[in-house]
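Analysis of the macromolecular model
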Amino acid sequence: MKKSAGFVDKLNAVLSPLAAKLGNQRHLQAISTGMMFSLPFIVIGSFFLIFANPSINMEQYNPETAGVFLRFLANWKEFAVANYDIITAPYNLTMGLVGLISAFGIAYSLAKDYGLNAAMNGMMSAVTFAMVCTPVSEGNINLNYLGTNGLFVAILIGLLSVEVSRFFETKNIKFTMPDTVPPMVTMFMNTLLPLLANIVIFYGLNVLFLITTKQIFPEAVMQVLTPATDLAGSLGGFLLIVTLGNVLWLFGINGSSIIFPLVFTLGIAQTGYNAEQLANGEAMTHLMNLQMFRISVMGGAGATMGLVILMMRSKVSEYRTIGKISLIPGLCSINEPVIFGLPIVFNPILAFPFLVAPVINLLLTYFAQKLGMIGLGFIIDPSFTPFVAQAYLSSMDWRNVVFTIFLIFTSAVIYYPFFKVMEKNRLAEEK
């Protein structure tokens, strides 16, 4: 215990000054505080997404041999498929608007810190963000970039739009009204110029970008960030791509959505090869199967399920609360409540374990498969299934379930000293 405490103290001495310096930076504070605006929407949205994707693979379902529970899941699945748009509407308008909500929250927080009109600056940011991220074609509005795919753009506009307003304020570029004019009228008049400037600057740049590249700005950002596909087939390349996705998460960019098409497609192909080998009576040999992808996002990006367990037992009430509300979404590998609620975004203390824990888990999984300690994945299990169930459904091997639980505690050990540093600092602040 003394050695553990000594290590935490040394880590604290190194990381705390850096965290304090970054934590007091008003723009980073605005990002952290502003993203908290989206936390309740993320939590509620994740529940609807889970409800729309019950944990059953209908291709493996046989009604003649199925028990009561499997029949219940099958009926649930049929209902969910038939009413998918209705069930997921709350998801699309909660988690699907995280970027829009964050654009408002970040601008609101920064403007409040500057002593500007926080609500009006939040609205200007949200409106400008919507203009940039919702292209209209033949009367249809594209909502793809209002969620986490547009979060990087939301951060930029949330910060810069306030700086534009602050420029007008500091240069005293405003309408001078008589004292008899009501304050609301004065506020309305003095909002016009900053709003017009924000629209001209950001929407104008977006239009220019569209003309020159045939893409709106957020679309181009996502395309540039997508990694090369020919690296994914090897263990080293897979680890590099997963780490790149997690690095992007640290800056508030949905890295999982960027790497998902690549690693998920690779996993499906490799799992299919294993299924063919098994059907032919051959030994399965493809280690980079879908199971590896599941492990890379077990508990969510950064393997945060171990962190959630630590948070649930924390001495800080805020951490305990976030940990408890993150448990069920985390079991289905949805961890935005932790990433944006704790937060992990722009958090120098948790950045290292956030990057290292998935790498350790993937290496352990790779060699466990290679040494025959766990079964290889040969079944394409349904998405959004709790990862403990996925471990069995993908391989029909109970050893995989035990191994998955072992990985949770492995990630908890990796996070432990860094979380304790963060917890110690928060307790000191509370005192």
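The structure under discussion appears in the preceding block.
Quick summary incoming for the structure in this document. Every residue gets a number counted from 1 within its own chain, in the order that chain's sequence is written. Reporting of local features is limited, given that this is a predicted model, to residues whose pLDDT is at least 70; pairs of side-chain atoms are given and counted only at 80 or more, and all residues count toward the totals for whole chains, interfaces and linings. With hydrogens and water set aside, each side-chain value is computed from the structure's full complement of heavy atoms.

1. Concerning the overall build of the protein
Where we set the bar: Note on conventions: DSSP H or I runs of at least 4 residues are helices, E runs of at least 2 residues are strands, and numbering of each starts at the N terminus. Contacts were defined at the residue level, with two residues in contact if any of their heavy atoms lie within 4.5 Å. Here the open area of atoms and residues is found with the Shrake-Rupley method and a 1.4 Å probe, where only the protein chains shown may cover a residue.
Summing up its helical and strand segments, the protein has 19 helices and 2 strands in all. When contacts within the protein are restricted to residue pairs at least 6 apart in sequence, long-range pairs at least 24 apart make up 72% of them. About 20,800 Å² of surface is accessible on the protein, with carbon and sulfur atoms providing 68% of the total.

2. Let's talk about the environment of W398
For clarity, the cut-off: The cut-offs for exposure are 20% and 50% of the maximum accessible area for each residue type, with area from a 1.4 Å probe on protein chains only; residues under the lower value are buried, those over the upper are exposed, and the others partly exposed.
Relative to the helices and strands, W398 is located in helix α19 (residues 398-430). You can call W398 exposed: its relative accessible area is 58%. Put simply, W398 and G375 are 23 residues apart on the chain and 8.7 Å apart in space, counted from C-alpha to C-alpha.

3. Brief notes about the environment of G45
Along the chain, the position of G45 falls in helix α3 (residues 39-51). Taking the C-alpha atoms as reference points, G45 and L93, 48 residues apart in sequence, are found 8.0 Å from one another. Other than its neighbours up to four places away in sequence, G45 contacts Y91, T94 and M95.

4. Points about empty space enclosed by the protein
Selection criterion: Residues are said to line a cavity or pocket when one of their atoms sits within 4 Å of a point; the points come from a 1 Å grid over protein atoms alone, cavities being sets where a 1.4 Å probe fits but cannot get out and pockets being open sets with protein on both sides within 12 Å along at least five of seven lines. Grid points are joined across faces, edges and corners, and a volume is the space filled by probe spheres set on the points. Think of it as three bins: nonpolar holds Ala, Val, Leu, Ile, Met, Phe, Trp, Tyr, Cys and Pro, charged holds Asp, Glu, Lys and Arg, and polar takes everything else, Gly as well.
Using the criterion set out here, one finds 2 cavities of 30 Å³ or more in the structure. Here the largest cavity is characterised by a volume of approximately 100 Å³. In this structure, the largest cavity is lined by 13 residues; those nearest its centre are Q291, I295, F387, A391 and T404. Of all the elements in the fold, those that place two or more residues in the lining of the largest cavity are α13 (290-296), α18 (387-393) and α19. Partitioning the lining of the largest cavity into residue classes produces 6 nonpolar, 6 polar and 1 charged. Of the pockets and cavities examined, the second largest cavity occupies roughly 40 Å³. Only α11 (235-250) and α12 (255-279) provide two or more residues apiece to the lining of the second largest cavity. No other element matches α11, which puts 4 residues into the lining of the second largest cavity. A breakdown of the residues in the lining of the second largest cavity according to their chemical character gives 5 nonpolar, 5 polar and no charged.

5. Considering the nonpolar core
Convention followed: Here, the term nonpolar core denotes a set of buried Ala, Val, Leu, Ile, Met, Phe, Trp, Tyr and Cys residues that are joined through side-chain atoms within 4.5 Å.
The biggest cluster of nonpolar side chains holds 91 residues, and the ones touching the most others in it are L307, L342 and I344. Residues within four places of L342 in sequence aside, it is in contact with L307, M311, Y319, I322, P337, L350 and M422. Within the second largest apolar cluster, 5 residues are counted, among which are Y61, A66, L73 and A74.

6. Details of the pattern of salt bridges
The test is simple: The salt bridge definition used is simple: a Lys or Arg side-chain nitrogen within 4 Å of an Asp or Glu carboxyl oxygen.
Using the criterion set out here, one finds 6 salt bridges in the structure. Put simply, R399 and D397 hold a salt bridge, and the shortest N to O gap is 2.9 Å. On the basis of relative accessibility, which here comes to 40%, the residue R399 falls in the partly exposed class.

7. Brief notes about the side chain of T410
Looking at where T410 falls in the secondary structure, it is placed in helix α19. By relative accessible area, T410 is classed as buried at 15%. Excluding residues within four positions of it along the chain, T410 makes contact with I360, N361 and L364.

8. Concerning the side chain of S109
What counts is decided by this rule: Pairs of N or O atoms within 3.5 Å make up the polar contacts considered here, provided that, within protein, one atom can donate a hydrogen while the other can accept it, and that residues adjacent in sequence are counted only when both atoms are side-chain atoms.
Relative to the helices and strands, S109 is located in helix α6 (residues 98-114). Accessibility expressed as a relative area gives 13% for S109, which makes it buried. A polar contact is formed between the side chain of S109 and the backbone oxygen of G105, at a distance of 2.9 Å. Each residue touching S109, except ones within four places of it in the same chain, is listed here: A30, T33, G34 and F37.

9. A short note on a nonpolar patch on the surface
In plain terms, the rule: Patch membership requires over 30% relative accessible area and the absence of a salt bridge. Like charges are linked within 9 Å, and nonpolar side chains (Val, Leu, Ile, Met, Phe, Trp, Tyr) within 5 Å.
Residues M123, V127, M131, Y203, V207 and I211 make up a contiguous nonpolar surface patch of about 490 Å² in total accessible area. Listed by contribution, the elements that provide at least two residues to the nonpolar patch are α7 (118-133) and α9 (183-213). Relative to the assigned elements, V207 resides in helix α9.

10. Re the packing of aromatic side chains
Selection rule: Centres within 6.5 Å are what make two rings of Phe, Tyr or Trp a pair, Trp counting through its six-membered ring; a difference in plane orientation under 30 degrees is then read as stacked, over 60 as edge-to-face, and the rest as tilted.
Scanning the model with the defined rule gives 13 aromatic pairs in all. Seen in terms of ring centroids, Y366 and F367 are 5.3 Å apart; in terms of plane orientation they differ by 90°. Their pairing is edge-to-face. Among the residues examined, Y366 registers a relative accessible area of 16% and is labelled buried. Put simply, the rings of F37, F104 and Y108 touch in pairs and so form one group of aromatic residues.

11. Description of helix α2 (residues 26-35)
Filter applied, for reference: Of all possible arcs, the one meant is that of the directions from the helix axis to the C-beta atoms.
Burial in α2 covers these residues: A30, I31, G34 and M35. Across the axial projection of α2, the buried residues extend over an arc of 115°, all falling on one side. On its buried side, α2 packs onto α3, α6, α8 (151-170) and α16 (336-341).

12. Things to note about the packing of helix α14 (residues 305-312) against α19
Note the cut-off: To obtain an axis, a line is fitted to C-alpha atoms, over the contacting stretch when the element is a helix, and the angle between two such axes runs from 0 to 180 degrees between their N-to-C directions. In this scheme, roughly parallel covers angles under 35 degrees and roughly antiparallel covers those over 145, while 65 to 115 is roughly perpendicular and the rest are oblique. Crossing handedness is defined as follows: a turn of the near helix away from the far one that is anticlockwise and smaller than a right angle gives a left-handed crossing, while the clockwise case is right-handed.
Between α14 and α19, the least distance of the axes is 7 Å, while the angle of their chain directions is 60°. Here α14 is positioned oblique relative to α19, judged by the angle of their axes. Along this stretch, α14 crosses α19, giving a crossing that reads as right-handed. Contact with α14, carried on its side by M305, G306, L307, I309, L310 and M311, involves I408, S411, A412, Y415, Y416 and F419 of α19 and no other residues of that element.

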